[in-house]
Amino acid sequence: MDRTHEDSLTERYRELSDDIAAAVAVISAKRGNALHAITVDSFLDVSYDPPTMAVSIYGGSRMMETLETSEHYAISLLNSSQRDISERLGASGQPLYGSLKGIDTFPAPHSGQPVLTNAIAWFELRTTEVLEVATHSLVVGEVVSLGAGANSSKDKPLLRWRKAYGSIGPR
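Residues numbered from 1 in each chain as written. Predicted model: local features only at pLDDT ≥ 70, side-chain atom pairs only at ≥ 80, totals over all residues. Heavy atoms only, no water.

- Looking at an unreviewed UniProt entry, the chain carries the name Flavin reductase family protein, with the source organism given as Brevibacterium aurantiacum.

1. Regarding the environment of S99
Right, so step 1: The topology assignment puts S99 in the loop between helix 3 (83–90) and strand 7 (105–107).
Right, so step 2: Each C-alpha atom of the pair S99 and I38 lies 8.2 Å from the other, and the pair is 61 residues apart in sequence.
Right, so step 3: In this structure the side chain of S99 is engaged in a polar contact, spanning 3.2 Å, whose partner is the backbone nitrogen of A37. (Helix = DSSP H or I, 4+ residues; strand = E, 2+ residues; numbered from the N terminus. Polar contact = N/O pair within 3.5 Å; in protein donor to acceptor, adjacent residues only side chain to side chain.)

2. Observations regarding helix 2 (residues 62–69)
Right, so step 1: Along helix 2, the positions that sit buried rather than exposed are M63, M64, T66 and L67. Relative to the axis of helix 2, the buried residues are bounded by an arc of 155° and lie together on one face. Turned more than 90 degrees away from the buried face of helix 2 sit E68 and T69, all of them exposed.
Right, so step 2: Looking at the buried side of helix 2, the elements it contacts are strand 2 (25–31), strand 3 (34–40), strand 5 (51–58), strand 6 (72–77), strand 9 (121–133) and strand 10 (136–148). (Buried < 20%, exposed > 50% of the residue type's maximum accessible area, 1.4 Å probe, protein only. Arc of directions from axis to C-beta. Contact = heavy atoms within 4.5 Å.)

3. Observations concerning the sheet that holds strand 10
Hydrogen bonds along the backbone pair up the strands of a sheet, which may run parallel or antiparallel.
Right, so step 1: Taken in spatial order, the 7 strands make up an open sheet running 3-2-6-9-10-5-4, and their pairing is antiparallel. Among the strands making up the open sheet, the edge pair consists of strand 3 and strand 4 (43–48). Taking each pair of neighbouring strands and ignoring which way they run, the sheet shows an average axis angle of 35°.
Right, so step 2: Taken together, the 12 bridges between strand 9 and strand 10 define a ladder with antiparallel strand orientation. Bridge pairing in strand 10 links F123 to L146.
Right, so step 3: Together, strand 2, strand 3, strand 5, strand 6, strand 9 and strand 10 form the strand contacts of helix 2, whose direction differs from that of strand 2 by roughly 55°.
Right, so step 4: Relative to the sheet, helix 3 contacts strand 2 and strand 3, its axis offset from that of strand 3 by approximately 105°. (Pairing = 2+ DSSP bridges. Axes fitted to C-alpha atoms, helices over the stretch in contact; angles between N-to-C directions.)

4. Some words on the pairing of strand 5
Right, so step 1: Of the strand pairs in this sheet, strand 4 and strand 5 are connected by 5 bridges, and their pairing is antiparallel. Each bridged residue has a counterpart across the sheet, and for D45 the counterpart in strand 5 is M53.
Right, so step 2: The hairpin formed by strand 4 and strand 5 contains 2 residues between the paired strands.
Right, so step 3: Relative to strand 10, strand 5 runs antiparallel, the two being bridged by 7 bridges. Residue pairing across strands places I57 opposite S137, the latter belonging to strand 10.

5. Thoughts on the nonpolar core
Right, so step 1: Core analysis: the biggest nonpolar cluster contains 20 residues, and I27, I57 and Y73 have the highest contact counts within it.
Right, so step 2: Listing elements by their share of this core, those giving two or more residues are strand 2, strand 3, strand 5, helix 2, strand 6, strand 9 and strand 10.
Right, so step 3: Counting residues in hydrophobic clusters, the runner-up holds 11 residues, among them A37, L100, I103 and A119. (Core = buried A, V, L, I, M, F, W, Y, C linked by side-chain atoms within 4.5 Å.)

See below:
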């Protein structure tokens, strides 16, 4: 495939993949004693038995380095009022340490990984497999604990679509 075709295919892929509406979440883990987190919209439930999820993380990122040193991580599903958290933790070049400073968290029951207090839902995972795919790694984890935020029945999820944020109605 020539370079011009590759470039146009990549550009068209980016354009069309932005039409995929996706829930926004925060992936978090401890690196030593420091809490580290990033915003993602590339995660999915993989299996119900056993409960298993996967998240796509850029292979050369600080978060991937953190996940490689931690046996557990957490996924906190953001509600529509947490757009500021999404933007803050999604900004490029954020510091490795202190990324969760000022954001209410609590330790997940099994491993103590940081979970966002006001998340619609949260999942604590034990890493079972890491698959390298192109520029990213798919980090697969078995759910070891989970829960819902206090207002989860009333909160609307934060969604990303066409490079913008939005939401849908409550459950």
